[in-house]
Amino acid sequence: MKHHIIVKFTKGTDVKALAGPVRSIFEETLSIPGIRGVELKLSNSDRENRYDLMIVMDMDKEALPAYDVSEPHIRWKTEYGDRVEKKAIFDCDD
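Below, the structure is looked at part by part. Owing to the predicted nature of the structure, the values given are computational and were not obtained by experimental measurement. (Residues numbered from 1 in each chain as written. Predicted model: local features only at pLDDT ≥ 70, side-chain atom pairs only at ≥ 80, totals over all residues. Heavy atoms only, no water.)

**Comments concerning the nonpolar core**
The biggest cluster of nonpolar side chains holds 21 residues, and the ones touching the most others in it are V22, F26, I55, M57, M59, Y67 and W76. The set of elements that each furnish at least two residues to this core consists of β1 (2–9), α1 (15–27), β2 (35–42), β3 (53–59), α2 (64–68) and α3 (71–80). Among the elements that make up this core, the one with the highest residue count is α1 (5 residues). Once residues lying within four places of it in the same chain are set aside, the contact partners of I55 are H3, H4, I5, V22, F26, V38, E39, L40 and W76. (Core = buried A, V, L, I, M, F, W, Y, C linked by side-chain atoms within 4.5 Å. Buried < 20%, exposed > 50% of the residue type's maximum accessible area, 1.4 Å probe, protein only. Helix = DSSP H or I, 4+ residues; strand = E, 2+ residues; numbered from the N terminus. Contact = heavy atoms within 4.5 Å.)

**Looking at α3**
Residues of α3 that are buried: P72, H73, R75, W76 and Y80. Relative to the axis of α3, the buried residues are bounded by an arc of 160° and lie together on one face. Those residues of α3 that are buried lie in contact with β1, α1, β3, α2 and β4 (84–92). (Arc of directions from axis to C-beta.)

**Concerning the sheet that holds β4**
In spatial order, the strands read β2-β3-β1-β4; together these 4 strands make up an open sheet with antiparallel pairing. Edge positions in the sheet fall to β2 and β4, since each has one partner strand and no second. Strand-to-strand twist across the sheet, computed as the mean angle between neighbouring axes with direction ignored, equals 15°. The pairing of β1 with β3 spans 6 bridges and is antiparallel. Counted as the bridge partner of H3 is M57 from β3. α1 rests against β1, β2 and β3 of the sheet, and its axis sits at about 180° to β2. (Pairing = 2+ DSSP bridges. Axes fitted to C-alpha atoms, helices over the stretch in contact; angles between N-to-C directions.)

**Structural notes on the packing of aromatic side chains**
The tally for this structure, following the rule as stated, stands at 3 aromatic pairs. Seen from their ring centres, F26 and W76 are 5.4 Å apart, and the 65° between their planes marks the pair as edge-to-face. Here W76 lies in helix α3 and F26 lies in helix α1, a separation of 50 residues in the sequence. With relative accessibility at 1%, the residue F26 sits in the buried group. (Phe/Tyr/Trp six-rings, centres within 6.5 Å; stacked < 30°, edge-to-face > 60°.)

**Focus: the side chain of R75**
Structurally, the position occupied by R75 is in helix α3. Polar side-chain contacts of R75 include one of 2.4 Å to the side chain of E28. Residue contacts for R75: discarding those within four places in its chain leaves I25, E28 and Y80. (Polar contact = N/O pair within 3.5 Å; in protein donor to acceptor, adjacent residues only side chain to side chain.)

**Side note on the pattern of salt bridges**
Counted by the stated rule, this structure contains 7 salt bridges. For the salt bridge of K11 with E48, the shortest nitrogen-to-oxygen distance reads 3.6 Å. Here E48 lies in the loop between β2 and β3 and K11 lies in the loop between β1 and α1, a separation of 37 residues in the sequence. Of the charged contacts, one joins D58 and R36 as a salt bridge, the two residues approaching to 3.2 Å between their closest N and O atoms. Taken together, the residues span a long stretch of sequence, with D58 in strand β3 and R36 in strand β2 at a distance of 22 residues. Judged by its relative accessible area of 19%, D58 falls in the buried class. Assessed through its relative accessible area of 47%, R36 is described here as partly exposed. Three or more residues are tied together by salt bridges with common partners; here these are K2, R36, D58 and D60. (Salt bridge = Lys/Arg side-chain N within 4 Å of Asp/Glu carboxyl O.)

Set out below in structure tokens:
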């Protein structure tokens, strides 16, 4: 399945500066059995009503519980949670 995390950061956040460190955190999830790939996409729009970043993980559906309690996921929420204005999570088949 594809696990999408679509993020709108708080106003004034330098999203481009965060992209590398966020990518590093999510690449660590590749060590979790059933997670096959991670892709980050930055928005090419600076419109107020647009989200800033999309993280797409390619994983087995059964890997989701392990991801939820993983150290990288907890670190993502701890280190960046206060900069997230809103987010959407969307799971779908390939």
